[in-house]
Amino acid sequence: MPTSPSVRERAAEPAGPAAPVTPGPPAVDEGRRRRPERAALLRRTGLRILALAVLLGLWQLVTVLQLWSPVLVPSPAAVWQKLLETSGTHDGVRGYQGHTLIEHLGISLRRIFVGAGAGVAAGLVAGVLMGTLPWVRVVLEPAVAFLRTLPPLAYFSLLIIWFGIDEAPKLWLLAIAAMPPVAVATASAVASAPTALVEAARAIGARRGQVVTSVVLPSALPEILVGVRLAFGIAYSSVVAAETVNGLPGIGGLIRDAQRYNQSDTVVLGLFAIGISGLLIDAALRILSDRLAPWRSHT
């Protein structure tokens, strides 16, 4: 009587022909994929360098043709010479008013980071409350809008009356200038958080604080970072106003003091120092934004 083969015997039988393996798509060459990105970066860099060269050429042309007095428009060479003089000790004089240019700039940057940092923190708290609690938004929104419309010099005199002429009024001015854009951006981003995600978090038992920290803030992070960039830009543009009174040492105080004596080359040098350092700060904030919110696309 024939018996059926055992499981071991069936396993030992040779298997049928293997199915042909279809080769997948060839791997994308990483270098080839990045080549267009590098070319675009080089084009942008080249255009920026060309634009800068054209501006410098026009500036030099204006000074060579003497279309305006050197007191009004100093030459690039005069500004460069002033940079050399204020960067060290020249003819026994150290920098400008006893401090080098980098020291003036460093003191202003410290004021900006302390003052604007406090304003960003206050704006973040106010924005979260305004975006999550409707009654808080009703109370705070008019005050935030009012502060946003005020130019810094409008309330700087009052701050001097309140806090004197030392560091306090400068820091308060920068904080007040930096707070509204962060508050507005945060409130708008928090209020427009995805409803489906918020409801899903509540459905699984998340408390209000957990919903805000785990769902609302991560979704609002790109807009919040835009508000932070705007806040530091506004604070940086307000540093000259903050240093109009007892601003030395400080880059704004340097500009203000040089303006009194018609030292236009020093004024232009101070403007360049503010502009270049401002670009570096904005670039650092853009990198931070890319790290914290990599899904956000920059324009």
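Placed above this text is the structure.
Residues numbered from 1 in each chain as written. Predicted model: local features only at pLDDT ≥ 70, side-chain atom pairs only at ≥ 80, totals over all residues. Heavy atoms only, no water.

### Remarks on the overall build of the protein
Here is step 1: Across its full length, the protein carries twelve helices and two strands.
Here is step 2: Helices and strands in the protein line up, N terminus first, as α-α-α-β-β-α-α-α-α-α-α-α-α-α.
Here is step 3: A buried classification covers 32% of the 299 residues belonging to the protein.
Here is step 4: For the protein, the share of sequence-separated contacts (at least 6 apart) that also reach a separation of at least 24 residues comes to 67%.
Here is step 5: Summed over all atoms, the accessible surface of the protein reaches about 18800 Å², with 67% contributed by carbon and sulfur. (Helix = DSSP H or I, 4+ residues; strand = E, 2+ residues; numbered from the N terminus. Buried < 20%, exposed > 50% of the residue type's maximum accessible area, 1.4 Å probe, protein only. Contact = heavy atoms within 4.5 Å. Areas by Shrake-Rupley, 256 points an atom, 1.4 Å probe, with all protein chains shown as cover.)

### Points about the packing of helix 4 (residues 101-132) against helix 12 (residues 264-292)
Here is step 1: The contact between helix 4 and helix 12 brings their axes to 11 Å, and the two run at 50 degrees. Taken together, the axes of helix 4 and helix 12 are oblique relative to one another. With respect to the hand of their crossing, helix 4 and helix 12 are arranged in right-handed fashion. Contact residues: helix 4 offers Leu 101, Leu 105, Leu 109 and Phe 113, while helix 12 offers Leu 269, Ala 273, Ser 277 and Ile 281. (Axes fitted to C-alpha atoms, helices over the stretch in contact; angles between N-to-C directions. Parallel < 35°, antiparallel > 145°, perpendicular 65-115°, else oblique. Left-handed = near helix turned anticlockwise from the far one by under 90°.)

### Focus: a nonpolar patch on the surface
Here is step 1: Together, Leu 47, Leu 50, Val 54, Leu 55, Leu 58, Leu 61, Val 64, Leu 65, Leu 67, Trp 68 and Leu 72 give the surface a local cluster of nonpolar side chains, amounting to about 1200 Å² of exposed area.
Here is step 2: Tracing the chain through its elements places Leu 67 in the loop between helix 2 (30-65) and helix 3 (76-86).
Here is step 3: Leu 67 sits in the exposed class, given a relative accessible area of 53%. (Patch = residues over 30% accessible without salt bridge, like charges linked within 9 Å, V, L, I, M, F, W, Y side chains within 5 Å. Salt bridge = Lys/Arg side-chain N within 4 Å of Asp/Glu carboxyl O.)

### Points about the packing of aromatic side chains
Here is step 1: Within this structure, the stated rule accounts for four aromatic pairs.
Here is step 2: Centroid distance Phe 113 to Phe 232: 5.9 Å. Interplanar angle 55 degrees. Geometry classified as tilted. With Phe 113 in helix 4 and Phe 232 in helix 9 (residues 208-237), this pair connects stretches of sequence that are 119 residues apart.
Here is step 3: Classification of Phe 113 as partly exposed rests on a relative accessible area of 44%.
Here is step 4: Ring centres of Phe 163 and Trp 172 lie 5.5 Å apart, and the angle between their planes is 10 degrees; this geometry places the pair in the stacked category. (Phe/Tyr/Trp six-rings, centres within 6.5 Å; stacked < 30°, edge-to-face > 60°.)

### Considerations on helix 9
Here is step 1: Compared with the 44 Å implied by 1.5 Å per residue over 30 residues, the 38 Å span of helix 9 between its first and last C-alpha is markedly short.
Here is step 2: Helix geometry: helix 9 is bent most strongly at Leu 221, by close to 55 degrees, with proline Pro 222 lying one to four residues after it. (Expected span 1.5 Å × (residues − 1). Bend = angle between axes of the 7 residues up to and from the residue.)

### Some details on the pattern of salt bridges
Here is step 1: Applying the stated rule across the entire model yields seven salt bridges.
Here is step 2: In this structure, Glu 141 engages Arg 137 in a salt bridge whose closest nitrogen and oxygen atoms are separated by 3.6 Å. Residue Glu 141 and its partner Arg 137 are both found in helix 5 (residues 134-149); the two are separated by four residues, about one turn of the helix.
Here is step 3: Looking at Glu 141, the relative accessible area reads 38%, which means it is partly exposed.

### Some remarks on the layout of surface pockets
Here is step 1: Each pocket or cavity is described by its volume, and for the largest pocket that value is around 470 Å³.
Here is step 2: Taken together, the residues of the lining of the largest pocket sort by class into 17 nonpolar, three polar and no charged. (1 Å grid on protein atoms, 1.4 Å probe; cavity = no way out; pocket = protein on both sides within 12 Å on 5 of 7 lines; lining within 4 Å. Points joined across faces, edges and corners; volume = space filled by probe spheres on them. Nonpolar A, V, L, I, M, F, W, Y, C, P; charged D, E, K, R; others polar.)

### Comments concerning unusual backbone geometry
Here is step 1: The omega angle of the peptide bond from Leu 248 to Pro 249 is -5 degrees, so this bond is cis rather than trans.
Here is step 2: Tracing the chain through its elements places Pro 249 in the loop between helix 10 (239-242) and helix 11 (251-260).
Here is step 3: Here the phi dihedral of Asn 246 falls at roughly 55 degrees; this positive angle occurs in a residue that is not glycine.
Here is step 4: Counting through the fold element by element, Asn 246 comes out in the loop between helix 10 and helix 11.
Here is step 5: For Asn 262, which is not a glycine, the phi torsion comes out positive at approximately 55 degrees.
Here is step 6: Relative to the assigned elements, Asn 262 resides in the loop between helix 11 and helix 12.
Here is step 7: Residue classification places Asn 262 among the exposed positions, given a relative accessible area of 57%.

### Some points on the nonpolar core
Here is step 1: Ile 112, Leu 173 and Phe 232 are the most contacted members of the largest nonpolar core, which totals 44 residues.
Here is step 2: Taken together, the elements giving at least two residues each to this core come down to helix 4, helix 6 (152-163), helix 7 (167-191), helix 8 (195-203), helix 9, helix 10, helix 11 and helix 12.
Here is step 3: Among the elements that make up this core, the one with the highest residue count is helix 9 (ten residues).
Here is step 4: Apart from the residues within four sequence positions on either side, Ile 112 is in contact with Gly 117, Leu 174, Phe 232, Tyr 236 and Val 239.
Here is step 5: Grouped together as the second largest cluster of nonpolar side chains are seven residues, Ala 126, Val 136, Val 144 and Ala 187 included. (Core = buried A, V, L, I, M, F, W, Y, C linked by side-chain atoms within 4.5 Å.)

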